[in-house]
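Chains, contacts and geometry: an overview
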Amino acid sequence: MGPIDYLVVEFPGSRMTGEGFPILVDLADRGLIRILDLTFIRKEADGSVTAMEIADLTGDGKLDLAVFEGASSGLLGQDDLNEAAAALEPGNSAGVLVYENLWAAPFAAALHRGGAELVASGRIPAPAVLAALDATETAP
């Protein structure tokens, strides 16, 4: 099994264009990731959290995300959704995605067969990388 990651993507004003969804489908179709869970939530003005139907998020009557319907492994619970919602501004929505990095599974298996153990893991946020690169470019 490859490493499991999650993303919480906020949509200010609950405006979702769907522009990223074909790319997500492509990543899954090419076997780079496996979507384990995909859930959408909305944080109401009073702070309460509601689940959103996955099929028609834009409200235009078309099934925007039917390809993702049923993407639920059971890994996400209500506590996880409440924690994700804590990062949201009231009135905004979010997509919560849990996925397996299939591309990394053969690499991890080879390391394991060779007796190696993963002792640390992490992620550097893209804005931090960009800031570091900018600082390097402007350094004398």
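Above this note sits the structure.
A brief look at the structure comes next. The model shown is predicted, which means the values in this text are computed figures rather than measured ones.

Cut-offs applied
Residues numbered from 1 in each chain as written. Predicted model: local features only at pLDDT ≥ 70, side-chain atom pairs only at ≥ 80, totals over all residues. Heavy atoms only, no water. Buried < 20%, exposed > 50% of the residue type's maximum accessible area, 1.4 Å probe, protein only. Helix = DSSP H or I, 4+ residues; strand = E, 2+ residues; numbered from the N terminus. Pairing = 2+ DSSP bridges. Core = buried A, V, L, I, M, F, W, Y, C linked by side-chain atoms within 4.5 Å. Axes fitted to C-alpha atoms, helices over the stretch in contact; angles between N-to-C directions. Contact = heavy atoms within 4.5 Å.

**Points about the pairing of strand 4 (residues 93–101)**
- Strand 4 sits mainly inside the fold: nine of its nine residues count as buried.
- Neither face of strand 4 is exposed, since Ser93, Gly95, Leu97, Tyr99 and Asn101 on one face and Ala94, Val96, Val98 and Glu100 on the opposite face are all buried.
- Note that strand 1 (residues 4–11) and strand 4 share eight bridges and pair antiparallel. Bridging from a neighbouring strand, Tyr6 pairs with Val98 of strand 4.
- With nine bridges joining them, strand 2 (residues 33–43) and strand 4 adopt antiparallel strand pairing. Residue Ile33 lies in a different strand from strand 4, and its bridge partner there is Asn101.

**Structural notes on the nonpolar core**
- One finds Phe11, Met16, Phe21, Leu24, Ile33, Ile35, Leu38, Phe40, Leu97 and Tyr99 forming the largest nonpolar core, which totals 10 residues.
- Mapped onto this core, the elements with two or more residues apiece are helix 1 (21–29), strand 2 and strand 4.
- Considering every element that reaches this core, the biggest residue donor is strand 2, with four residues.

**Brief notes about the sheet that holds strand 2**
- Ordered in space as 1-4-2-3, the four strands form an open sheet in which the pairing is antiparallel. Each having just a single partner strand, strand 1 and strand 3 (49–52) make up the two edges of the open sheet. Each strand axis lies, on average, 30° off the axis of its neighbour in the sheet, ignoring direction.
- Judged from the four bridges that link them, strand 2 and strand 3 form a sheet pairing that is antiparallel. What sits directly across from Arg42, in strand 3, is Thr50.
- Helix 1 contacts strand 2 and strand 4 of the sheet and is inclined by roughly 155° relative to strand 2.

Shape descriptors only; they carry no functional weight alone.
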